[in-house]
Each structure stands twice: as C-alpha cells, then as structure tokens.
Amino acid sequence: MTKKEIFINATFKDNAIWRQILGICSALAVTNLMLNSLIMGLGVIFTLAMAGMTISLIRAWTPRSVRMMVQVLIIAAYVIIVDIFLKANMPVISKQLGPYVGLIITNCILMGRAEAFASQNKVMDSLVDGIGSGIGYTMVLLAISFIRELFGFGSIFGFRIMGDWWTAWSIMVMAPSAFFLLAMLIWIINTYYYKVKA
Amino acid sequence: MEISAFVLFWAAIFTGNILLTYFLGMCSYLSISKEIESAFGLGIAVAFVLIVTSALNWLVYYYILIPFGIVYLQYIVFIIVIAAFVQFLELVIERYTPSLYYSLGIFLPLITVNCAILGVGLFMIIRKYSFIQTLAFSAGSGIGWLLAILMLAAIRRKLKEKMVPAGLRGAAISLIITGIMALGFIGFSGIVQIQ
C-alpha cells in the first residue's frame, strides 16, 4: 500500500468511529463545544501519530508476551506530554476537558491502531496511519459538536451565530443528544457511504 | 464541599451514571451486550476491579505520588496499578476457582483498557474525594455500569426478532437505545445531585 492509500483507508474507509466503533467515550463526552472537540482531536492526532511511530520503531525488540503493557506505557507517556502542554498553555480548556485528556490512554483507538497496524508495519507508514486515524476521529467530533453547539448554545467556536430570538435547546447540552447524533451519523454513513442493504 | 458517602453512592448510580452521563466504558459496553449472561459477567468483573483499583489508586496517589512530588506520573502509575491488579486477579481466579475463570476470565484482559476504571480514578482526584467518598463513588459507579449494560443486553435480546433498518443494525441502534435510557435517567436528577 502507498502512503496515500494508507491515509485514505485510515481516515475514511476504516474510520475509527463510524466503521470500527472505537473511541466512542471521548467522542461523546467532549462534543458539547466545538473548541473542546478540536483541542481533543489535535491531542488524539498527536498521540496516535507519535505512539504509532514509537511502537513501530521498537516492534522488533518487543517480546510478544509483554507487548500490550509496553504499548500502554508508550501511549501514556505521550498523553502526559499532551496533558502538561494543555495545563500550561490552555488552562481553561484543560479544566473543561477534565479527565478526558487522561482517558486518551484507554481510548480504544490508540490500542486498536497500535495492535492492528503499528506493531506490524514500517515506521513512516505507522505515522501516516496514526495521523489519518486521528483526522478521521477529529472529523466526527467536529461534525457532532457543530450540531450540539449550534442548537445548544446558538454559537460556533464560541461566536454567537443565532440572534436573540434563538432559544437554546438544553437537551443538546445534555448527554442523550450525543448518543442520538452519533447513532444518526453512523446510520447516514452506513446507508450512503457503505450502501448497506437489508 | 463535603458530600456524604451515602449520597455519593446513589448519585453515582442514578444521577451521574458513569456510562449514561459521563460516557465511560462505551467500547466494551457496545461489544459485549449481545447476551445477558456475558453482560452480567463483564459487569460484575468491572464493578469489582473498579472498587479495588480505585481504593489502591487513592492510596498510591496520596501516600506515594504527592509526598514524592511526582504527581505528573499519575496516568502511568494508575494504568500500571490497574493492569497489575487485573493480571493478579486472573492468576488467583485461575488457580482457585477454575469454573469462575471460564465464565469471567475472558473478560479480564478487556478490563484494563475499559475507560470506566481509569475514569473513576481520575474523577476522584479531580473532585478531591476522601477515601470513604472514593469507596462509595467507585461502588456506585460499578453498580451503575452493571445496571446499564444489563439493561442494554435485555433490550437487545428483545430487539433481535424486530425489524431494524439495515444501516442502523449493530452499534447505531444500541446508541439510540442508550440515548433513550440516558433520557430516562435524567428523570432521576431531582433526587440527588453531584456536580
């Protein structure tokens, strides 16, 4: 596979969220505001790319029996970098994201890509795959948070779009809307992109 | 801000359900909810590991990480504690109760990467819970998670014979069911309230 194919595969065809149903936790939790989703997405892209590269780099010297533990520790190290960076530079967003930054460690996308791709492929390919999967994930987050923020707060990236006449839908800020929106997104993609038939 | 442990326990089950409100532990929740028996097995295992590892992590955080000034290592330390405990549990169960091992053992490796376990650990640090509060919160969260996965498994069993649009089958319909359950749980929010 060329690098371009790997990228397209990771971003669209095998998208982590709508195809593999991985990493749903954070996809639902941080999507009430677009800015939070974007920052979270960038954090995941960074972690996926760097962890994928590192795991791929040491794949020949990692004993099979302890490889899960090694992978988790590598991922955790990069997540700590992201967490410290956010705490230092964007304290407000870091507070809003709360535990979900730390939870990137147990985000199934990370372990899934490490196990399925990085532990068997070349370093640069793993980097491309990590960036692709991360962008696919961020895309879904932004799509869901766009609807939630627009209807829930009447704004986009914090800028007010709707006029004063707009009554915010408080349901969009609460948990259930995230479940419904993600389900609808998966439904639309299944029907029009994968053309699933009964 | 001192919430009594009793209130925290009920709040963690109903008003602030770890899965329906904080979305933690979704991956295994969606994939292991086809059969009630396996959902129950996984739920029990998660609840047990959750209670023990949260207590361990609390002790590690306040008696090792803070005195030595290495709080920034908390993610790595927490995940090591969880992984080590799960590994230890697997050995013990396999050695002493083989029958339990066959029904529960397959879920154990899944638990290390279940976000609910690490999530509760991080919540208790962020909200500055005392040890007793942590015990109540983790017990409530474990039971709440068990409740949620059991409900989903029961509904999915009924749903098997029903017509579901092709594109919705699998994860999507489970998400819609979960959304309706979450709506229902909002009805509890008048009883007790945490954050």
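Counting restarts for each chain: residues are numbered from 1 in the order of the written sequence. A letter from A marks each chain and a number from 1 marks each ligand, given out in the order of writing. Selection of residues for local features in this predicted model requires a pLDDT of at least 70, selection of side-chain atom pairs for listing and counting requires 80 or more, and totals for whole chains, interfaces and linings are taken over all residues. Water and hydrogen atoms play no part in the side-chain values, which are based on all heavy atoms of the structure.

Structural notes on the environment of Arg67 of chain A
All names here are of chain A.
Then comes step 1: Every helix listed is a DSSP run of H or I at least four residues long, and every strand listed is a run of E at least two residues long, numbered separately from the N terminus. Considering the arrangement of structural elements, one finds Arg67 in helix H4 (residues 67-89).
Then comes step 2: With residues up to four places along the chain from it excluded, the contact list for Arg67 reads Thr62 and Glu115.
Then comes step 3: Side-chain polar atoms of Arg67 contact the backbone oxygen of Arg64, separated by 2.9 Å. We call two residues contacting when some pair of their heavy atoms lies within 4.5 Å. Pairs of N or O atoms are called polar contacts if they sit within 3.5 Å, as long as, within protein, a hydrogen donor faces a hydrogen acceptor (for residues adjacent in sequence, only side-chain-to-side-chain pairs).

With respect to the pattern of salt bridges
Residues and elements named next belong to chain A.
Then comes step 1: Think of a salt bridge as a Lys or Arg side-chain nitrogen and an Asp or Glu carboxyl oxygen that are within 4 Å of each other. Under the counting rule described, the total for this entry stands at 4 salt bridges over all chains.
Then comes step 2: Residue Arg67 pairs with Glu115 through a salt bridge whose shortest N-O separation is 2.5 Å. In this pair, Arg67 sits in helix H4 while Glu115 sits in helix H6 (residues 108-118), placing the two residues 48 residues apart along the sequence.
Then comes step 3: Whether a residue is buried, partly exposed or exposed follows from its accessible area with a 1.4 Å probe, protein chains only, as a fraction of its type maximum: under 20%, in between, or over 50%, in that order. Overall, the relative accessible area of 24% leaves Glu115 in the partly exposed class.
Then comes step 4: The shortest N-O distance in the salt bridge between Arg113 and Asp129 comes to 2.9 Å. Of this pair, Arg113 sits in helix H6 while Asp129 sits in helix H7 (residues 123-153); the two residues are 16 residues apart in sequence, bridging distant segments of the chain. With respect to class, Arg113 is no different from Asp129; both count as buried.

Focus on the packing of aromatic side chains
Then comes step 1: Aromatic pairing here means that ring centres of Phe, Tyr or Trp (its six-membered ring) are within 6.5 Å. Orientation follows from the plane angle: under 30 degrees is stacked, over 60 is edge-to-face, and everything else is tilted. Throughout the structure, instances matching the rule amount to 22 aromatic pairs over all chains.
Then comes step 2: The interplanar angle of 5° and the centroid separation of 6.2 Å between the aromatic rings of Trp10 of chain B and Phe14 of chain B together place this pair among those described as stacked.
Then comes step 3: By relative accessible area, which is 36% here, Trp10 of chain B ends up partly exposed.
Then comes step 4: On the accessibility criterion, Phe14 of chain B (23% relative accessible area) is partly exposed.
Then comes step 5: For the pair Trp58 of chain B and Tyr63 of chain B, a centre-to-centre distance of 6.4 Å together with 65° between the ring planes defines the contact as edge-to-face.
Then comes step 6: Either the NZ atom of lysine or the CZ atom of arginine qualifies as a charge over a ring when it sits within 6 Å of the ring centre and within 35 degrees of the ring normal. Above the face of the Tyr194 of chain A ring, Arg19 of chain A is positioned so that its terminal group lies 4.1 Å from the ring centre.
Then comes step 7: Positioned above the aromatic ring of Tyr96 of chain B is the side chain of Arg95 of chain B, whose terminal nitrogen or guanidinium carbon lies 5.2 Å from the ring centre.

Notes on the interface of chain B and chain A
Then comes step 1: At the interface, 39 residues of chain B touch 41 residues of chain A.
Then comes step 2: Summed over both partners, the accessible area (1.4 Å probe) lost when two parts come together is defined as the buried area. Of the roughly 3300 Å² buried at the junction of chain B and chain A (both faces included), carbon and sulfur atoms supply 86%.
Then comes step 3: For the chain B face of the interface with chain A, the top three residues by lost area are Phe23, Tyr75 and Leu175 of chain B, together amounting to 21%.
Then comes step 4: At the surface where chain B touches chain A, the tally comes to 0 salt bridges.
Then comes step 5: Counting only elements with at least two residues in the side of chain B that touches chain A, the list comes to helix H2 (26-31), helix H4 (74-96), helix H7 (115-126) and helix H9 (171-186) of chain B.
Then comes step 6: The element contributing the most residues to the side of chain B that touches chain A is H9 of chain B, with 10 residues.

Digging into H4 of chain A
Structural remark: α-helix, 3.6 residues per turn; residues separated by three or four positions point the same way.
Then comes step 1: Any helix carries an expected span of 1.5 Å times its number of residues minus one. Here H4 of chain A contains 23 residues, and its C-alpha end-to-end distance of 33 Å stays within 8% of the 33 Å for a straight helix at 1.5 Å per residue.
Then comes step 2: Listing the buried residues of H4 of chain A in full gives Arg67, Gln71, Val72, Ile74, Ile75, Ala76, Tyr78, Val79, Ile80, Val82, Asp83 and Leu86 of chain A.
Then comes step 3: Against helix H3 (34-57), helix H5 (91-97) and H6 of chain A together with H4 of chain B lie the buried residues of H4 of chain A.

Focus on the nonpolar core
Then comes step 1: The term nonpolar core refers to a set of buried residues drawn from Ala, Val, Leu, Ile, Met, Phe, Trp, Tyr and Cys, joined through side-chain atoms within 4.5 Å. Met26 and Tyr29 of chain B are the most contacted members of the largest nonpolar core, which totals 116 residues.
Then comes step 2: Residues in contact with Tyr29 of chain B, not counting those within four places in the same chain, are Leu19, Trp145, Ala148, Ile149, Leu152, Thr178 and Met181 of chain B.
Then comes step 3: With 5 residues, the next largest nonpolar core counts Leu150, Ile156, Met162 and Trp166 of chain A among its residues.

Overview of the confidence of the model for chain A
Then comes step 1: The predictor attaches a confidence to each residue, called pLDDT, with possible values from 0 through 100. Residues at a pLDDT of 70 or more form 99% of chain A, whose mean pLDDT is 88.
Then comes step 2: Looking across chain A, the model is least confident in helix H2 (residues 24-29) of chain A, with a mean pLDDT of 83, and most confident in H3 of chain A, with 93.

As for the confidence of the model for chain B
Then comes step 1: Here chain B averages 86 in pLDDT, while 96% of its residues score no lower than 70.
Then comes step 2: Considering each helix and strand of chain B separately, the mean pLDDT is smallest for helix H5 (residues 98-104) of chain B, with a value of 74, and largest for helix H8 (residues 131-159) of chain B, with 92.

Comments concerning the side chain of Asn57 of chain B
Then comes step 1: As for its placement among the helices and strands, Asn57 of chain B is situated in helix H3 (residues 36-68).
Then comes step 2: Beyond its immediate chain neighbours, meaning those up to four positions away, Asn57 of chain B contacts Phe78, Val81, Ile82 and Met124 of chain B.

Some remarks on unusual backbone geometry
Then comes step 1: The backbone of Phe157 of chain A shows a phi angle near 50°, a positive value even though the residue is not glycine.
Then comes step 2: Looking at where Phe157 of chain A falls in the secondary structure, it is placed in the loop between strand S1 (155-156) and strand S2 (159-160).

Observations concerning the packing of helix H9 (residues 175-192) of chain A against H9 of chain B
When two helices pack together, their arrangement is given by the angle between their axes and by how far apart the axes lie.
Then comes step 1: Note on geometry: axes are lines fitted to C-alpha atoms, helical ones only across the stretch in contact, with angles between N-to-C directions running from 0 to 180 degrees. At a minimum axis separation of 8 Å, H9 of chain A and H9 of chain B run at an interaxial angle of 165°. Comparing their axes, H9 of chain B and H9 of chain A come out roughly antiparallel. The two elements H9 of chain A and H9 of chain B cross, and the hand of that crossing is left-handed. In this structure, H9 of chain A contributes Pro176, Phe179, Phe180, Leu182, Ala183 and Ile186 of chain A to the contact, and H9 of chain B contributes Ala172, Leu175, Ile176, Thr178, Gly179, Ile180, Ala182, Leu183 and Ile186 of chain B. The labels follow the angle: roughly parallel below 35 degrees, roughly antiparallel above 145, roughly perpendicular from 65 to 115, and oblique for the rest. Crossing handedness: left-handed means the near helix sits turned counterclockwise from the far one by under a right angle, and right-handed means the same turn made clockwise.

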